[in-house]
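Here is what each chain is made of, one letter per residue.
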Protein chains: 2
Amino acid sequence: MTPGNDSLTYRQAGVDLDAAERAKRAFAPLLAAASDERTLTGLGAFGGLYSVPGGLDRPVLAASADGVGTKLKVAFLAGRHDTIGQDLVNHCVNDILVQGARPLFFLDYLATGQLDEGVAAEVVGGVARACRENGCALLGGETAEMPDFYAAGEYDLAGFVVGVVERDRIVDGSRARPGDRLIGLRSSGLHTNGYTLARAIVFDRMGLGAADPFPGEDATAAEVLLRVHRSYLPMTLPLLEDGLVRGMAHVTGGGIEGNLPRALPDGAGARIDCGSWRPPNVFRRLARAGRVAPREMYRVFNMGVGMILVVAPEDEEAVLGAVGGEGWTMGEVVAGEGARLAGIGAEGGDSDG
Amino acid sequence: MTPGNDSLTYRQAGVDLDAAERAKRAFAPLLAAASDERTLTGLGAFGGLYSVPGGLDRPVLAASADGVGTKLKVAFLAGRHDTIGQDLVNHCVNDILVQGARPLFFLDYLATGQLDEGVAAEVVGGVARACRENGCALLGGETAEMPDFYAAGEYDLAGFVVGVVERDRIVDGSRARPGDRLIGLRSSGLHTNGYTLARAIVFDRMGLGAADPFPGEDATAAEVLLRVHRSYLPMTLPLLEDGLVRGMAHVTGGGIEGNLPRALPDGAGARIDCGSWRPPNVFRRLARAGRVAPREMYRVFNMGVGMILVVAPEDEEAVLGAVGGEGWTMGEVVAGEGARLAGIGAEGGDSDG
């Protein structure tokens, strides 16, 4: 790639430090708009500085790192880069929310083969917007230009959130008891899981293009697949503050079975009534077109349930009232281990759209 | 990629949830060994929980995100995956150290096309080892399997560190004055910057293989290029605790000129005497074989200086004594802006090895 005997520069080798500098400067107003009164640094600092909030007796930090997986491939196909940052932030926020924590700040990592300043600004713009929506500061991040690593026009995106929770308000499922109700909260779509399988089905099996109408929806394939991973912070923070939540599971990779047990103590399992809700159209279409077995569907996808709350029987009505039409009772805690899905397949691969 | 009408599974589409689960379990002892008494969660939690240390009046959190860039390509070539995690952790630790912060905990993000459990365990093992060496907890992380994203055998790696500093001990350069001394601390090699250019020179121009001896070194090309990014925590924490450091710059992308000004207040610049040290062999060989202009060398590489301390004249001797043979006075703070490199090129592209 660099034969001959000429004088070499970093730029000839594939890295443009000036473009990186320009992109960084474009991020400055985004960071400034997503800062708060506890943010002590602006752009250009080596690290971000953030005051620990006062007024907490025994503050515990909660942290999580995550990516958005191959949902990115759909963004590339659609040429749409402004929502993937929201997916990232909301996913991370949900992952510490289930421990009772509210987010303080966020950092992102954006890696690309050759930096496109416009795309980078769109991506980070989405990150910043979601930070504001979740009331957390965008404290910094890293933009890496790595030639030969990523295909032209592609990038990877990871994020990292830090939140805080009062020690005696940590939600860890330890108070959950058999008989407790499981309240499912509606997901907004595939969120950020199962995209490798979903893309194979939608673009190969169904033969759809990104801009084609998706069957059974008033939206294109890209629009359906890019629906933003929902943040459950606004809906559940008041419930957490009122002490109404004994356990909480974010339904991500591994589905209900893979995630709900993490919110329950040893010796407690869950019985899920799969007839208590109908998986939304996108999941039914994926199951049918991919001839995916029902159990596999529930293991790979959220099937319409983005978050599960474990609630004492006496609080069931209050919680259902607070979440309005967004939640329903989908099962209960039982003695045992694991999550048992009862009635699975009643909405399986052959149901109609 | 998935023609026909057969029943599809996630695994056929390219994601093996069982392998991911096995890899996660292999990480458990690594996380356990890199936890401390303030770590409240183990593996399997959605987020990691960490108690805010007591005994601080006004604790400020310092956070940084980073990757290791295309140094990874050298690790792939050499088939050596146990040190790249150390590069990552030490880089991040240095980035908050320059603000006076000591690390509390770390999270990693490992993304790959197809998960190789052995490689993942080596990478995360290096991360965990470096966390222990820096006295910080490995609180969690994400391992993402993203088919079609990464070439076979390749992966990307990013990390996030959170540290703490007492508010009135933040190091931000504001106390720096003209006449202050600049103490350079020896780097251990290229650290994690300039690898796209270095690889082009070493593997294309010089025509070396990973296992070939590197000229002027008792080591192979891979060994020279994989030398671990040094953590300056052990050497400088005592100096920070004694209040001897007015400013501190981590020499990463952009070199001395790109980073030192971030450690100085408005109206203050730096004069660097490039004759005060001889860039190590690897930099001289890169300059010569790539015919890289001296200014470009100093912009892309650390040239043997990994960290720069800004120190009051009256503390110069104490600091030099404390860092022993690892540091030297390389210049001073002057009125003005930016970092001026005097005597650059005396050790330019045509000096011998």
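The structure presented is a predicted model; accordingly, all values stated were derived computationally and were not measured.

## What to know about the pairing of strand β5 (residues 155–166) of chain A
Residue and element names in this part refer to chain A. Counting buried residues in β5 gives twelve out of twelve residues, a clear majority hidden from the surface. Alternating positions in β5 separate into two faces, Y155, L157, G159, V161, G163 and V165 on one and D156, A158, F160, V162, V164 and E166 on the other, with burial throughout. Bridging between strand β2 (residues 59–67) and β5 involves nine bridges; their strand directions are antiparallel. For A62, the partnering residue across the bridge sits in β5 and is G163. Pairing of strand β3 (residues 102–112) with β5, which is carried by ten bridges, proceeds in the antiparallel orientation. By the bridge assignment, L107 is partnered in β5 with F160.

## Some details on the side chain of B:N302
All names here are of chain B. The residue N302 is located in the loop between α11 (294–300) and β9 (305–311) in this model. Within the structure, N302 has its side chain in polar contact with the backbone oxygen of G189 (distance 2.9 Å). Setting aside chain neighbours within four positions, we find N302 in contact with S187, G189, L190, H191, V251 and F283.

## Structural notes on the domain arrangement of chain A
All names here are of chain A. As assigned here, chain A comprises domain 1 (10–169) and domain 2 (181–342). The contact between domain 1 and domain 2 buries some 2200 Å² in all, and 66% of this surface belongs to carbon and sulfur atoms. Applying the counting criterion to the domain 1 and domain 2 interface returns zero salt bridges. Between domain 1 and domain 2 we count 14 residue pairs in polar contact (both at pLDDT 80 or more) in total. Sorting the residues of the side of domain 1 that touches domain 2 by element identifies α3 (71–78), α4 (84–97) and β3 as the ones contributing at least two each. Looking at the side of domain 1 that touches domain 2, the element that brings in the most residues is α4, giving nine residues. A class-by-class count of the residues in the side of domain 1 that touches domain 2 yields ten nonpolar, eight polar and seven charged.

## What about the interface of chain B and chain A?
The interface is formed by 91 residues belonging to chain B together with 90 residues belonging to chain A. Of the roughly 7000 Å² buried between chain B and chain A, counting both surfaces, carbon and sulfur atoms make up 60%. It is B:F46, B:L61 and B:F149 that lose the most area in chain B upon contact with chain A, and together they represent 13% of the buried surface on that side. Across the contact surface, chain B and chain A share four salt bridges. A salt bridge links A:D18 to B:R299; the shortest N-O distance between them is 2.8 Å. If you tally residues by element for the side of chain B that touches chain A, the top one is strand β2 (residues 59–67) of chain B, at nine residues. Its residues assigned to classes, the side of chain B that touches chain A shows 49 nonpolar, 23 polar and 19 charged.

## Quick look at the sheet that holds β5(A)
An order of β4(A)-β3(A)-β5(A)-β2(A)-β1(B) is seen for the five strands of this open sheet, with the pairing classed as mixed. Unpaired on one side and paired on the other, β4 (137–145) of chain A together with β1 (48–51) of chain B mark the two borders of the sheet. Adjacent strand axes in the sheet meet at a mean angle of 20° when their direction is disregarded.

## Focus: the relation of the copies chain B and chain A
It takes a turn of 180° to lay chain B on chain A, together with a shift of 0.0 Å along the axis; the resulting RMSD is 0.0 Å. Expressed as an axis order, the relation between the two copies is that of a two-fold axis. By residue overlap, the copies meet face to face through one surface: 98% of the interface positions of chain B are interface positions in chain A.

## Concerning unusual backbone geometry
In this model, A:D148 sits at a positive phi of 70°, which is unusual for a non-glycine residue. On the secondary structure map, A:D148 appears in the loop between β4 and β5. The backbone phi angle of B:H191 is positive, close to 55°, even though this residue is not glycine. Relative to the helices and strands, B:H191 is located in the loop between β6 (181–186) and α6 (195–205).

Reading guide: rules and limits
Residues numbered from 1 in each chain as written. Chains lettered and ligands numbered in written order. Predicted model: local features only at pLDDT ≥ 70, side-chain atom pairs only at ≥ 80, totals over all residues. Heavy atoms only, no water. Buried < 20%, exposed > 50% of the residue type's maximum accessible area, 1.4 Å probe, protein only. Helix = DSSP H or I, 4+ residues; strand = E, 2+ residues; numbered from the N terminus. Pairing = 2+ DSSP bridges. Polar contact = N/O pair within 3.5 Å; in protein donor to acceptor, adjacent residues only side chain to side chain. Contact = heavy atoms within 4.5 Å. Domains from an automatic or database assignment. Buried area = accessible area lost by both parts, 1.4 Å probe. Salt bridge = Lys/Arg side-chain N within 4 Å of Asp/Glu carboxyl O. Nonpolar A, V, L, I, M, F, W, Y, C, P; charged D, E, K, R; others polar. Axes fitted to C-alpha atoms, helices over the stretch in contact; angles between N-to-C directions. Least-squares fit on C-alpha atoms with pLDDT ≥ 70 in both.

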